[in-house]
Amino acid sequence: MKKPRKLVFSTNNEHKLEEVKAILEPYYQILSLKDIGDDTDIPETGETLEDNALIKANYLWDTYHTNCFADDTGLEVEALNNAPGVYSARYAGEQKSSTDNVAKLLKELEGIENRNAQFRTVIALIIDGKKYVFEGKIKGVITTSARGNSGFGYDPVFQPEGYDKTFAELTLADKNEISHRARAVEQLALFLRK
């Protein structure tokens, strides 16, 4: 059996790492920043999800010259002009609290009927110095209260189209069948298998 290729995923977020490994391993060995001994908090200073994914991937390539990928994800809420978008992780402040972010989002949507939203993930891949970008998205609605205990971030208030459960009420396997990140990672996987 051919040894799996190594790819460094520019993250220390255990939830993201678990989701990505569930899709890409055993074909690829996925290493996190922690696995390579890097605890840098790479600043996400871009104005778009694409910018931030490329900033994080470029950092790894420039520092280690290793094949790598990075992602950035945003929740885009129609009634809020696609906010929080690129600021999703720090919507309620720089301390990046999921609980505070969800509370702020629910407050902003109080009394608003249009609760349409989408999650969008952009992945930037660098292989041998060449850059590629992949995108995945899923539409849904923001619920009026948090439901469920799995997942992370806005998962307890995001109900995907065609489901009566939030992401936080789905199993990881079910979420990985439909999620924005899974869709972007599937595109990445298809590209890597070529």
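Residues numbered from 1 in each chain as written. Predicted model: local features only at pLDDT ≥ 70, side-chain atom pairs only at ≥ 80, totals over all residues. Heavy atoms only, no water.

Some words on the side chain of Ser-10
Then, number 1: Mapped onto the secondary structure, Ser-10 falls in the loop between β1 (5-9) and α1 (14-24).
Then, number 2: A residue is classified by how much of its surface remains accessible, and Ser-10, at 5% relative accessible area, is buried.
Then, number 3: If we ignore the near neighbours within four places in the chain, the residues touching Ser-10 are Leu-33, Ile-42, Lys-56, Leu-60, Phe-69 and Ala-70. (Helix = DSSP H or I, 4+ residues; strand = E, 2+ residues; numbered from the N terminus. Buried < 20%, exposed > 50% of the residue type's maximum accessible area, 1.4 Å probe, protein only. Contact = heavy atoms within 4.5 Å.)

Things to note about the pattern of salt bridges
It is possible for side chains of opposite charge to pair when their charged atoms get near one another.
Then, number 1: A complete count under the given rule lists 13 salt bridges for this structure.
Then, number 2: A salt bridge links Glu-135 to Lys-137; the shortest N-O distance between them is 3.7 Å.
Then, number 3: For Glu-135, a relative accessible area of 29% puts it in the partly exposed group.
Then, number 4: A residue is classified by how much of its surface remains accessible, and Lys-137, at 39% relative accessible area, is partly exposed.
Then, number 5: A salt bridge links Glu-169 to Arg-147; its shortest N-O distance comes to 3.2 Å. Of this pair, Glu-169 sits in the loop between β7 (158-160) and α4 (172-178) while Arg-147 sits in the loop between β6 (130-142) and β7, and the two are 22 residues apart along the sequence.
Then, number 6: A residue is classified by how much of its surface remains accessible, and Arg-147, at 27% relative accessible area, is partly exposed.
Then, number 7: Several salt bridges share partner residues, and in doing so they unite Lys-16, Glu-19, Asp-71, Asp-155, Lys-175 and Arg-181 into one network. (Salt bridge = Lys/Arg side-chain N within 4 Å of Asp/Glu carboxyl O.)

A word on the environment of Glu-76
Then, number 1: With respect to the helices and strands, the residue Glu-76 is situated in strand β3 (residues 68-77).
Then, number 2: Separated by 11 residues in the primary sequence, Glu-76 and Tyr-87 place their C-alpha atoms 9.9 Å from one another.
Then, number 3: Here Glu-76 is in contact with Leu-49, Asn-82, Ala-83, Gly-85, Asn-116, Ala-117, Gln-118 and Arg-120, once residues within four sequence places are set aside.
Then, number 4: Side-chain polar atoms of Glu-76 contact the side chain of Gln-118, separated by 2.8 Å. (Polar contact = N/O pair within 3.5 Å; in protein donor to acceptor, adjacent residues only side chain to side chain.)

With respect to the UniProt feature "active site" (unreviewed entry) in the protein
Then, number 1: Within this structure's numbering, the places UniProt gives as "active site" (unreviewed entry) are Asp-72.
Then, number 2: Looking at where Asp-72 falls in the secondary structure, it is placed in strand β3.
Then, number 3: On the basis of relative accessible area, Asp-72 is assigned to the buried category, the value being 5%.
Then, number 4: Filtering out sequence-adjacent residues up to four positions away, Asp-72 remains in contact with Glu-44, Leu-49, Asn-52, Ala-53, Lys-56, Val-86, Arg-120, Thr-121 and Val-122. (UniProt positions renumbered as here; feature names shortened; annotations may be inferred.)

A word on the side chain of Arg-120
Then, number 1: With respect to the secondary-structure elements, Arg-120 resides in strand β5 (residues 116-127).
Then, number 2: Residue classification places Arg-120 among the buried residues on the basis of a relative accessible area of 13%.
Then, number 3: Only 3.3 Å separates the side chain of Arg-120 from the side chain of Glu-50, close enough to count as a polar contact.
Then, number 4: In terms of polar contacts, Arg-120 uses its side chain to reach the side chain of Glu-135, at 2.7 Å.
Then, number 5: Those residues in contact with Arg-120 that sit more than four places away from it in its chain are Leu-49, Glu-50, Asp-72, Thr-73, Gly-74, Glu-76, Glu-135, Gly-136, Lys-137 and His-180.

Some remarks on unusual backbone geometry
Peptide bonds are mostly trans, and most non-glycine residues show a negative phi.
Then, number 1: Here the amide bond leading from Ala-83 into Pro-84 is cis, since omega sits at 0°, within 30 degrees of zero.
Then, number 2: Among the structural elements, Pro-84 can be located in strand β4 (residues 83-85).
Then, number 3: Positioned with a positive phi, Asp-128 is a non-glycine residue whose angle comes to about 50°.
Then, number 4: Note on placement: Asp-128 falls in the loop between β5 and β6.

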